[in-house]
Amino acid sequence: MDTFNEVSKSRKILDRTLGIVLILISIAIGVFLIPSLIPLIKRTPYQLLHPDFNIRGDLGYDWFWQSVGWFIAYMIFRIGKSFYKDSQKLS
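Residues numbered from 1 in each chain as written. Predicted model: local features only at pLDDT ≥ 70, side-chain atom pairs only at ≥ 80, totals over all residues. Heavy atoms only, no water.

## Side note on the environment of Ile-20
Piece 1. With respect to the helices, strands and loops of the structure, Ile-20 is situated in helix H1 (residues 2-48).
Piece 2. Since its relative accessible area comes to 40%, Ile-20 is described here as partly exposed.
Piece 3. Sequence-wise, Ile-20 and Phe-77 are 57 residues apart; in three dimensions their C-alpha atoms are separated by 9.4 Å. (Helix = DSSP H or I, 4+ residues; strand = E, 2+ residues; numbered from the N terminus. Buried < 20%, exposed > 50% of the residue type's maximum accessible area, 1.4 Å probe, protein only.)

What follows is the structure, given as structure tokens:
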């Protein structure tokens, strides 16, 4: 019975640590993406009205990769949050 409690404590510490690390990684990804998001928002109206299709295509790729990055950051945040919540539960 004592071994089970030790494993349970170690598991909670591991879950808490992993949760905090994943949350911090998602925040770092978000901070990394913000500087490229602001100019992208500012140049979008001008490039949508540009007659060259290549420029509009590049704008589409930029928005696609920006949304992929935000989706990855969101999923890492949710996973980290669930690890942290699991470490708070009583066993």
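## Some words on the environment of Gly-30
Piece 1. Assignment of secondary structure puts Gly-30 in helix H1.
Piece 2. Sequence spacing of Gly-30 and Phe-71 is 41 residues, and the spatial spacing of their C-alpha atoms is 10.0 Å.

## Focus: a nonpolar patch on the surface
Piece 1. A surface patch of nonpolar side chains, amounting to about 460 Å² of accessible area, comprises Ile-20, Leu-24, Ile-27, Val-31 and Tyr-84.
Piece 2. The element that contributes the greatest number of residues to the nonpolar patch is H1, accounting for four residues. (Patch = residues over 30% accessible without salt bridge, like charges linked within 9 Å, V, L, I, M, F, W, Y side chains within 5 Å. Areas by Shrake-Rupley, 256 points an atom, 1.4 Å probe, with all protein chains shown as cover. Salt bridge = Lys/Arg side-chain N within 4 Å of Asp/Glu carboxyl O.)

## A short note on the packing of aromatic side chains
Piece 1. Applying the stated criterion across every chain yields a total of one aromatic pair.
Piece 2. Their ring planes at 70° and their centres at 5.0 Å tell us that Phe-64 and Trp-65 sit as a pair that is edge-to-face. (Phe/Tyr/Trp six-rings, centres within 6.5 Å; stacked < 30°, edge-to-face > 60°.)

## Some thoughts on the pattern of salt bridges
Piece 1. Under the counting rule described, the total for this entry stands at two salt bridges.
Piece 2. In this structure, Arg-11 and Asp-15 form a salt bridge, with 3.4 Å as the shortest nitrogen-oxygen distance. With Arg-11 and Asp-15 both in helix H1 and four residues apart, the pair spans about one turn of that helix.
Piece 3. Using a relative accessible area of 52% as the deciding quantity, one classes Arg-11 as exposed.
Piece 4. With a shortest N-O distance of 2.5 Å, Arg-43 and Asp-62 are connected by a salt bridge. Taken as a pair, Arg-43 in helix H1 and Asp-62 in helix H2 (residues 53-88) lie far apart in primary sequence, 19 residues in all.
Piece 5. Taking relative accessible area as the criterion, Arg-43 reaches 28% and is therefore assigned partly exposed.

So far we have only geometry, and geometry alone does not tell us how the molecule works.
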